[in-house]
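# What the coordinates show
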Amino acid sequence: MKTFAELGYPGRLVAVEGIDGSGKSTQIYLLQRWLEQQGLKVFFSEWNSSELVKSATSKGKKTNLLTPTTFSLIHATDFADRYERQLVPLLRAGYLVLCDRYIFTAFARDVVRGCPPPWVRGLYSFVALPDLTFFFKAQLEVSLRRILEGRPQLKYFEAGMDLRLSQDPYESFRIFQGRLLEQYLAMSTEFRFRIIDANQRVEAQQTVLRQVVADQIPLAGYRAPNR
Amino acid sequence: MAKPRATHRAPVPPPAHRPAAAHVVVPKPTPKSFYGHGIPGCDVSQLTGKLIVMEGADGSGRSTQISRLVTWLEAHGHATVQVGLKRSTLVSEELSRAQAGNVLSRMTLSLFYATDFADQLENVILPALKAGFMVLADRYIYTLMARDLVRGMDAEWLRNLYGIALVPDAVFYLQVSPEELIQRNFAKNHALDYWESGLDLGLSRDMFDSFVDYQKRMIAQFQELQKIYGFTIVDGNRPVDVLGRELQHKIESVLTGNGR
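My aim in this report is to walk through the structure given alongside it, one point at a time. (Residues numbered from 1 in each chain as written. Chains lettered and ligands numbered in written order. Predicted model: local features only at pLDDT ≥ 70, side-chain atom pairs only at ≥ 80, totals over all residues. Heavy atoms only, no water.)

### Some thoughts on the overall build of chain B
So the rule is basically this: Secondary structure is summarised from DSSP: a helix means a run of H or I of at least four residues, a strand means a run of E of at least two, and numbering begins at the N terminus for each. Using C-alpha atoms as the atom set, the radius of gyration is obtained and then compared with a globule rule of 2.2 Å times the number of residues to the power 0.38. Note on classification: 1.4 Å probe, protein chains only; a residue is buried when its accessible area is under 20% of the maximum for its type, exposed when over 50%, partly exposed between these limits. Contacts are assigned to residue pairs with any non-hydrogen atoms lying within 4.5 Å of each other.
Scanning chain B from terminus to terminus reveals eight helices and five strands. Written out in order from the N terminus, the α and β elements of chain B read β-α-β-α-α-β-α-α-β-α-α-β-α. Scaling as 2.2 N^0.38, a compact globule of 260 residues should have a C-alpha radius of gyration of about 18 Å, and chain B matches this with 18 Å. Principal axes of the C-alpha set define a box for chain B whose edges measure 60 × 45 × 35 Å. In chain B, which comprises 260 residues, the share counted as buried stands at 50%. Within chain B, residue pairs in contact and separated by at least 24 positions form 79% of the contacts whose partners lie at least 6 positions apart.

Shown next as C-alpha cells:
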C-alpha cells in the first residue's frame, strides 16, 4: 500500500487514530482550525459518517443486528462511499484532508471481533495510506476515565458487548478497549504511526501535531484561491 | 429465524407431478465448506440442510423455477426457505434507495451488496441449514461477482470479499440468449431495467443496444466464473416444464448425496 503522496496526488491526507477517550478528536479539530486560519484548503471527514450508509448502520446498531462480519462490511461500505465520493476527488484537487479515524480503526476493531486480519485488510486494499498518521497513545485507565466520567451510558457496540466479554458494560468496555490498544500498537511500526503521548496537556500535544505537519507538508502550496 | 420474504409475484400454479409417497426421504448429509474463512464461529458440520442456488439474468426464469421447486420439495416433505439479493433486514431499504438515486460509486455499491448478502447468510441461510431446511437462493455471490467483473473490478479483491460465502450444494445458471431475454422482459414489464441494461457503463446511449451488449458481457463473465466455481449451466431457452423436470431430476441427486 502506498501513501497519497507516493501515488502522485497533489493533496495530503492526515489521519488520527487511537482508542475512545484518547483525545484525538479534540486534537484534529484544533489542527483543522489552525490550517483554516492560514487560509488553506482543508476538509474534515469522520469515521462512519456517510449519509447513505448511516441509516442502515444505526438501524443495525439499535437492534443489535450486526455480527462481526456485517459490522465489518457496513463500515467498509461507509468508508468506500466517503473515500470515492469525497476523499479521493478532494485529494486530486489538492486539499489537505483530515480524517478522524481511518482504515486502522477497522483493522483493530474487526480483528478484535474475530474477523481474520487478511480478510479485513483485503477489503481495504483499494485504499491509499495517509501521508501522516498520528496515534494517540494514552494509558488505558486515563482513556477509560475520560469516557466513563463524561458519558455513563455506554452503547452496546461501543462497549464491545457483542463480544460477550462480560455482562457488565463497564468491564466489557475496559477489556474491549484494552484489546483495541494491543491491535493498534501491533501495527504501529508497519504503518509508520507517529505516536503522540496523549497523557500530556492538550496544548503540548497540539504543539507537536502542528510542528510535524508543518515539517512534513509544504503548507504554502495548499492555499485556497483568493476570491 | 427470519421468515422468507413473501414474493410479490402472482403464485405459479403447481406443476403436474406424481403424488408424493407418504414416506419422506431424509436427504443424505454431505460435507460443507466455505469459499474462504467463512463466518467466524460457524461449525459447518452442523449444517444438515441443502443450499440450492439459481442464477441467471432477469427474465431467465429463476423465480418461476424456484417457485415450482418449492412446491415440489414441500410435496415431498422438505421444509424450504427462500433468499435473494437485496432482501436483508439490515440494508435492503438503503440499498434500494441508493440505487434509485444512482449516487453510489462502484466499490461502495459492491460492498453494500456484500453486506446485504452477509446479513442474509448469517441470519437466514445458516440458521435454516442448521435446522435442516432446503434453502433456495434466487441469485448468489456469482451474480454479484459477475456484475462487478463486467465493470472492471479486481477478481482477487472479490474473491477475498466472498471468502465468507458457503459453497452451495448445487448451483444452476439459467442461460438465456439476450434476444430471448428482451422478449421476456417486454412481455412482463414492457420495459428494460436500468441496471440490467448496464446503463451505468455507458456502453450505448440506446437502451436496447446497451441491454444486449451488457447481457452478452454478463454471459461471458458467467462462463469464466463457471470454470472456477463449477456450477451447472442450464439452457434456459427451453419451455418451463422441460426445464423444471430437468432441475427436479438434478436436485433429486443432490438430496441423495450424488449431486455436485
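### Observations concerning unusual backbone geometry
In the Ramachandran plot, Arg 164 of chain A falls in the positive-phi region, its phi being about 55 degrees despite a non-glycine side chain. Looking at where Arg 164 of chain A falls in the secondary structure, it is placed in the loop between helix H6 (140–150) and helix H7 (169–187). Arg 164 of chain A sits in the exposed class, given a relative accessible area of 63%. Phi is positive for Arg 139 of chain B, close to 80 degrees, though the residue is something other than glycine. One can find Arg 139 of chain B in the loop between strand E3 (134–138) and helix H4 (141–150). By relative accessible area, Arg 139 of chain B is classed as buried at 10%.

### Section: the interface of chain A and chain B
Applied cut-off: The term buried area refers to how much accessible surface (probe radius 1.4 Å) is lost by two components on association, counted for both of them together. Any carboxyl oxygen of Asp or Glu that lies within 4 Å of a side-chain nitrogen of Lys or Arg is treated as forming a salt bridge with it. Here a polar contact is taken to be a pair of N or O atoms separated by no more than 3.5 Å, where protein atoms must pair a possible hydrogen donor with a possible acceptor and residues adjacent in sequence count only if both atoms sit in side chains.
Contact residues are listed per partner, giving 28 residues for chain A and 28 residues for chain B. The junction of chain A with chain B conceals about 2300 Å² of combined surface from both sides, 66% of it contributed by carbon and sulfur atoms. At the boundary of chain A with chain B, the tally comes to one salt bridge. Counting across the chain A and chain B interface gives 18 residue pairs in polar contact (both at pLDDT 80 or more). Those elements giving two or more residues to the side of chain A that touches chain B turn out to be helix H2 (51–62), helix H3 (68–92) and helix H5 (117–123) of chain A. If one sorts the elements of the side of chain A that touches chain B by residue count, H3 of chain A sits on top with ten residues.

### Thoughts on the sheet that holds strand E5 (residues 194–197) of chain A
Residues and elements named next belong to chain A. The condition is simple: By the convention used here, strands pair only if DSSP detects at least 2 bridges between them. Between N-to-C directions, angles cover 0 to 180 degrees, with each direction set by a line fitted to C-alpha atoms, over the stretch in contact for helices.
Strands sit in the order E2-E3-E1-E4-E5 across an open sheet of five strands; the sheet is parallel. What marks the edges here is a single partner per strand, and that holds for strand E2 (42–46) and E5. Here the average twist between neighbouring strands, direction ignored, is 20 degrees. With four bridges connecting them, strand E1 (residues 12–17) and strand E4 (residues 132–137) associate as parallel partners.

### Observations concerning the environment of Lys 137 of chain A
Residues and elements named next belong to chain A. Of note, Lys 137 is situated in strand E4. The partly exposed category is assigned to Lys 137, whose relative accessible area is 38%. Along the sequence, Lys 137 and Arg 174 sit 37 residues apart, while their C-alpha atoms lie 16 Å from each other. Beyond its immediate stretch of four places on either side in the chain, Lys 137 contacts Leu 185, Ile 195, Ile 196, Asp 197, Ala 198 and Asn 199.

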